[in-house]
Amino acid sequence: QVQLVESGGGEAQPGGSLRLVCAASGSIFSVQTMAWYRQAPGKQRELVATITRGDDSNYSNYTNFVKGRFTISRDYARNTLFLQMNDLKPEDTAVYYCNIFGSTIWGQGTQVTVSS
């Protein structure tokens, strides 16, 4: 079974940037949709973004609270998923998880903390 490992989290100031990386232990080339979720303390895990493989290009979707600030991408050759996070806000503080969308395959998460 494929395993997912997130990295790239850390501390950032409001307005700062971080780039999260999710490395898969096996091929995820055939996986149609990958996703990033996050879970803030005391809250339920929520969907942040998805990326779906299309015939000619990928299709991305974002929840409203990150639209215009976050960018999801994937590297098929390296079996890797990314989340570029710009203009970070304190409310982005959470543990971020990558996921094979619709599956029970999750990484261990990476902590993102945004504070001044």
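Treat the numbers as computed from the prediction; the structure is a model and nothing was measured.

Caption draft 1: Layout of the overall build of the protein. A count of helical and extended segments in the protein gives 0 helices and 10 strands. Helices and strands in the protein line up, N terminus first, as β-β-β-β-β-β-β-β-β-β. Relative to the compact-globule value of 13 Å for 116 residues, the protein shows a C-alpha radius of gyration of 13 Å, a close match. Taking the principal axes of its C-alpha atoms as reference, the protein extends roughly 40 × 30 × 25 Å. Evaluated residue by residue, the protein yields a buried proportion of 44% over its 116 residues. Considering only contacts in the protein between residues 6 or more positions apart, those separated by 24 or more positions represent 51%. For the protein, the exposed surface amounts to about 6200 Å²; the carbon and sulfur share of it is 46%. Each charge class in the protein was averaged separately, 10 positive and 9 negative side chains, and the resulting centres sit 2 Å apart.

Caption draft 2: Region of the structure containing the pattern of salt bridges. The tally for this structure, following the rule as stated, stands at 5 salt bridges. Each of the salt bridges in this network shares a partner with another, and the network as a whole consists of Arg 38, Glu 46, Arg 69 and Asp 92.

Caption draft 3: Here's a closer look at the environment of Met 85. You can see Met 85 is positioned in strand β8 (residues 80-85). With relative accessibility at 0%, the residue Met 85 sits in the buried group. For the pair Met 85 and Ile 72, spaced 13 residues apart in sequence, the C-alpha to C-alpha distance is 8.8 Å. Filtering out sequence-adjacent residues up to four positions away, Met 85 remains in contact with Gly 16, Ser 17, Leu 18, Leu 20, Arg 69, Phe 70, Tyr 96 and Val 112.

Caption draft 4: The arrangement of the nonpolar core in detail. Formed by 29 residues in total, the largest nonpolar core has its most connected members in Leu 4, Trp 36, Leu 83, Met 85 and Tyr 96. If you list the elements that add at least two residues to this core, you get β3 (18-24), β4 (33-39), β5 (46-53), β7 (70-75), β8, β9 (94-100) and β10 (110-114). Once residues lying within four places of it in the same chain are set aside, the contact partners of Tyr 96 are Glu 6, Leu 20, Trp 36, Tyr 37, Arg 38, Val 48, Phe 70, Leu 83, Met 85, Gly 109, Thr 110 and Val 112.

Caption draft 5: Quick look at the packing of aromatic side chains. Applying the stated criterion across every chain, the model contains 2 aromatic pairs. Their ring planes at 65° and their centres at 4.9 Å tell us that Tyr 37 and Trp 106 sit as a pair that is edge-to-face. Placement of Tyr 37 in strand β4 and of Trp 106 in the loop between β9 and β10 is noted, with a sequence separation of 69 residues between them. Of the residues examined, Tyr 37 reaches a relative accessible area of 15% and is grouped as buried. Ring centres of Tyr 97 and Trp 106 lie 6.4 Å apart, and the angle between their planes is 90°; on these two criteria the pair is classed as edge-to-face. Members of the aromatic cluster, joined through ring pairs, are Tyr 37, Tyr 97 and Trp 106.

About the thresholds
- Counting restarts for each chain: residues are numbered from 1 in the order of the written sequence.
- In keeping with the predicted nature of the model, local features appear solely for residues at pLDDT of at least 70, side-chain atom pairs appear and are counted solely at 80 or more, and the whole-chain, interface and lining totals rest on all residues.
- Heavy atoms from the whole structure form the basis of all side-chain values; hydrogens and water molecules are not counted.
- We count a stretch as a helix when DSSP gives it H or I for four or more residues in a row; a strand needs E for two or more, and each element gets its number in order from the N terminus.
- For a compact globule the rule gives 2.2 Å times the number of residues to the power 0.38, and the radius of gyration it is set against comes from C-alpha atoms.
- To sort residues, take the accessible area from a 1.4 Å probe on protein chains only and compare it with the maximum for the residue type: under 20% means buried, over 50% means exposed, and anything in between is partly exposed.
- By definition in these notes, contact holds between two residues if any of their heavy atoms fall within 4.5 Å.
- The accessible surface values rely on the Shrake-Rupley method and a 1.4 Å probe; as for residues, cover is taken only from the protein chains in view.
- Only four residue types enter the tally: Lys and Arg on the positive side, Asp and Glu on the negative side; His and the chain ends are excluded.
- For the purpose of locating charges, the reference atoms are NZ of Lys, CZ of Arg, CG of Asp and CD of Glu.
- Every case where a carboxyl oxygen of Asp or Glu lies within 4 Å of a side-chain nitrogen of Lys or Arg is listed as a salt bridge.
- The criterion is simple. A nonpolar core is a set of buried Ala, Val, Leu, Ile, Met, Phe, Trp, Tyr and Cys residues joined through side-chain atoms within 4.5 Å.
- Pairing of aromatic rings covers Phe, Tyr and the six-membered ring of Trp, with a centre-to-centre limit of 6.5 Å; geometry is then stacked below 30 degrees between planes, edge-to-face above 60, and tilted otherwise.

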